[in-house]
Amino acid sequence: MSASEGSRSEAQTPFVRAMMPSRLFSAGWRGALEGLGRWTLPARAALCRPLPRPSTPRRLSLGCAERAKAPPGKKLISEKKLKRHFVDHRQVLVRGGRGGDGVSCFHSEPRKEFGGPDGGDGGSGGHVILRVDRQMKSLSAVLSQYRGFDGEDGGSKNCFGRGGAALYVRVPMGTLVKEGDEVVADLSHPGDEYVAALGGAGGKGNRFFLANDNRAPLTCTPGEPGQERVLSLELKTVAHAGMVGFPNAGKSSLLRAISNAKPAVAAYPFTTLNPHVGIVHYEDHQQVAVADVPGIIRGAHQNRGLGLAFLRHIERCGFLLFVVDLAVPEPWAQVEDLKFELEKYQRGLSQRPHAVVANKVDLPEARANLPELQARLGGTAIALSAVTGENLEGLLLRLKELHDTHVAAELAQGRAPLRW
């Protein structure tokens, strides 16, 4: 390179430096020192190349933009909020669709003076049908009013109106349909349907009234209104086994230990405010549904607390698991009290096949009560700990035996057993 070219480049250096972005020279004196320690550049190259970015310490808080980019974690719904979404009773007004009107008209065609009546009938109104959907867990999505689709009116040239489509209302499995005090439907199996309101019949056109003594009828009838009913929907949880116990006995912790259900767990009574259903999987691809019913108190059959609202979900369970707190004084008294409440609520409910589960065996006071509890129950109680997982295998084996016995009894009576 010649001397003239070198002097020209040196003369252009201030101009190049002015045209370069200011961010290249925005590093502080600390960053510049760190950069000089890491890089060894010529004097001219240092002016034309950007300085390395200083290593900034980790910030304690994120900015608004970075916080928006971070994937939001799924927040767990609290039990109180979940209680608002869980609805097990709903009153619904259902109306069938109105039928379409018939038409009075006559055929008109060139060189055909008396074509005769050709008014078509109206279409029928659509029905309102309740259908079981296994994906639904409560009646919270059921509205208070439903109306079927109306039928279309008839037309000329003997054209009939289109009938209204059926309106399907999805309800959870185990829904009981009542009209007043009468039970009109029990939707307890997948795919069950019930016609809640019939659609109205379509009106007749004047073609329908054609007769030998009336060759030009003018009569047509309007469509009829659909059926209107007020129904009460009541949900009763459907499961193979139902866990029954007093508050804070450890039912929710036990359900979390044997299944993938995630009910709320806390160290105070009435943590569970609505039933939870967990599925227990076995090696032979069998699935046993276990329902965690909220805690029952003494006098629940007299509707103390929310007794009747909780006891209703036990009726459909094929067998029961009495969960007792082994750490309380006289835990064997809990079994007798639970059976008494179930028998007072519905006769024969306490006589269903069951197993007694003695929870919290990991506590010292529970170990002291275990021998007397086994002596009073004949050694049939299953002592375990839902927290540490001690003897959960014994409960799973007993649960499998109760399920197999229940399935065999259902098949012997000609009924299809519940499958999940």
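Residues numbered from 1 in each chain as written. Predicted model: local features only at pLDDT ≥ 70, side-chain atom pairs only at ≥ 80, totals over all residues. Heavy atoms only, no water.

(A) How the structure looks around the confidence of the model for the protein. The predicted model of the protein has a mean per-residue pLDDT of 78, with 75% of residues at 70 or higher. For residues 1-74, every residue scores under 50 in pLDDT, and the model assigns this stretch 22 contacts once sequence neighbours within four places are set aside. The low-confidence segment residues 76-84 (pLDDT under 50) makes 12 contacts with residues lying over four places distant or belonging to another chain. (pLDDT = per-residue confidence, 0-100. Contact = heavy atoms within 4.5 Å.)

(B) Quick look at the side chain of asparagine 359. Inspection of the secondary structure assignment puts asparagine 359 in strand β13 (residues 354-359). In terms of polar contacts, asparagine 359 uses its side chain to reach the backbone carbonyl oxygen of alanine 249, at 3.2 Å. Contact partners of asparagine 359, with chain neighbours within four places excluded, come to Ala249, Gly250, Val323, Val324, Asp325, Leu326, Leu384, Ser385 and Ala386. (Helix = DSSP H or I, 4+ residues; strand = E, 2+ residues; numbered from the N terminus. Polar contact = N/O pair within 3.5 Å; in protein donor to acceptor, adjacent residues only side chain to side chain.)

(C) Region of interest: unusual backbone geometry. Its identity is not glycine, yet lysine 157 carries a phi of approximately 60 degrees, on the positive side. Note on lysine 157: relative accessible area 65%, which makes it exposed. Positioned with a positive phi, asparagine 158 is a non-glycine residue whose angle comes to about 60 degrees. Its place among the elements puts asparagine 158 in the loop between β3 (145-147) and β4 (167-171). Judged by its relative accessible area of 35%, asparagine 158 is partly exposed. (Buried < 20%, exposed > 50% of the residue type's maximum accessible area, 1.4 Å probe, protein only.)

(D) How the structure looks around helix α6 (residues 251-258). Among the eight residues that make up α6, six are buried, leaving the element largely enclosed by the rest of the structure. Among all positions in α6, only Lys251, Ser252, Ser253, Leu254, Leu255 and Ile258 are buried.

(E) Examining the sheet that holds strand β1 (residues 89-95) more closely. Strands sit in the order β3-β1-β8-β5-β6 across an open sheet of five strands; the sheet is mixed. In this open sheet, the two strands that pair with only one neighbour each are β3 and β6 (182-187). Each neighbouring strand pair of the sheet contributes to a mean axis angle of 30 degrees, computed without reference to strand direction. With seven bridges connecting them, β1 and strand β8 (residues 228-235) associate as antiparallel partners. Residue pairing in the sheet places arginine 95 in a bridge with glutamate 228 of β8. (Pairing = 2+ DSSP bridges. Axes fitted to C-alpha atoms, helices over the stretch in contact; angles between N-to-C directions.)

(F) Fine view of the sheet that holds strand β7 (residues 193-197). Pairing within the open sheet is mixed, and its three strands lie in the order β4-β2-β7. Edge positions in the sheet fall to β4 and β7, since each has one partner strand and no second. With direction set aside, neighbouring strand axes in the sheet form an average angle of 30 degrees. Bridge count for strand β2 (residues 128-132) against β4 is five bridges, and the pairing is parallel. Looking across to β4, one finds that valine 128 is bridged to leucine 167.

(G) Quick peek at the packing of aromatic side chains. Taken as a whole, this structure holds one aromatic pair when the rule is applied. Taking the centre distance of 5.3 Å and the plane angle of 90 degrees together, the rings of phenylalanine 208 and phenylalanine 209 count as edge-to-face. Directly above the aromatic system of phenylalanine 208 lies the positively charged group of lysine 204, at a separation of 5.0 Å from the ring centroid. The residue whose ring lies beneath lysine 400 is tyrosine 282, and the NZ or CZ to ring-centre distance is 6.0 Å. (Phe/Tyr/Trp six-rings, centres within 6.5 Å; stacked < 30°, edge-to-face > 60°. Lys NZ or Arg CZ within 6 Å of the ring centre and 35° of its normal.)

(H) Looking closely at helix α9 (residues 364-377). Over its 14 residues, α9 extends 21 Å from the first C-alpha to the last, a length consistent with the 20 Å expected when each residue adds 1.5 Å. Most pronounced at leucine 370, the bend in α9 amounts to some 35 degrees, and the proline proline 371 follows within four residues. All of the buried residues in α9 are Ala366, Asn369, Leu370 and Leu373. Count one or two residues on from α9 and you reach glycine 378, which has phi positive near 75 degrees. (Expected span 1.5 Å × (residues − 1). Bend = angle between axes of the 7 residues up to and from the residue.)

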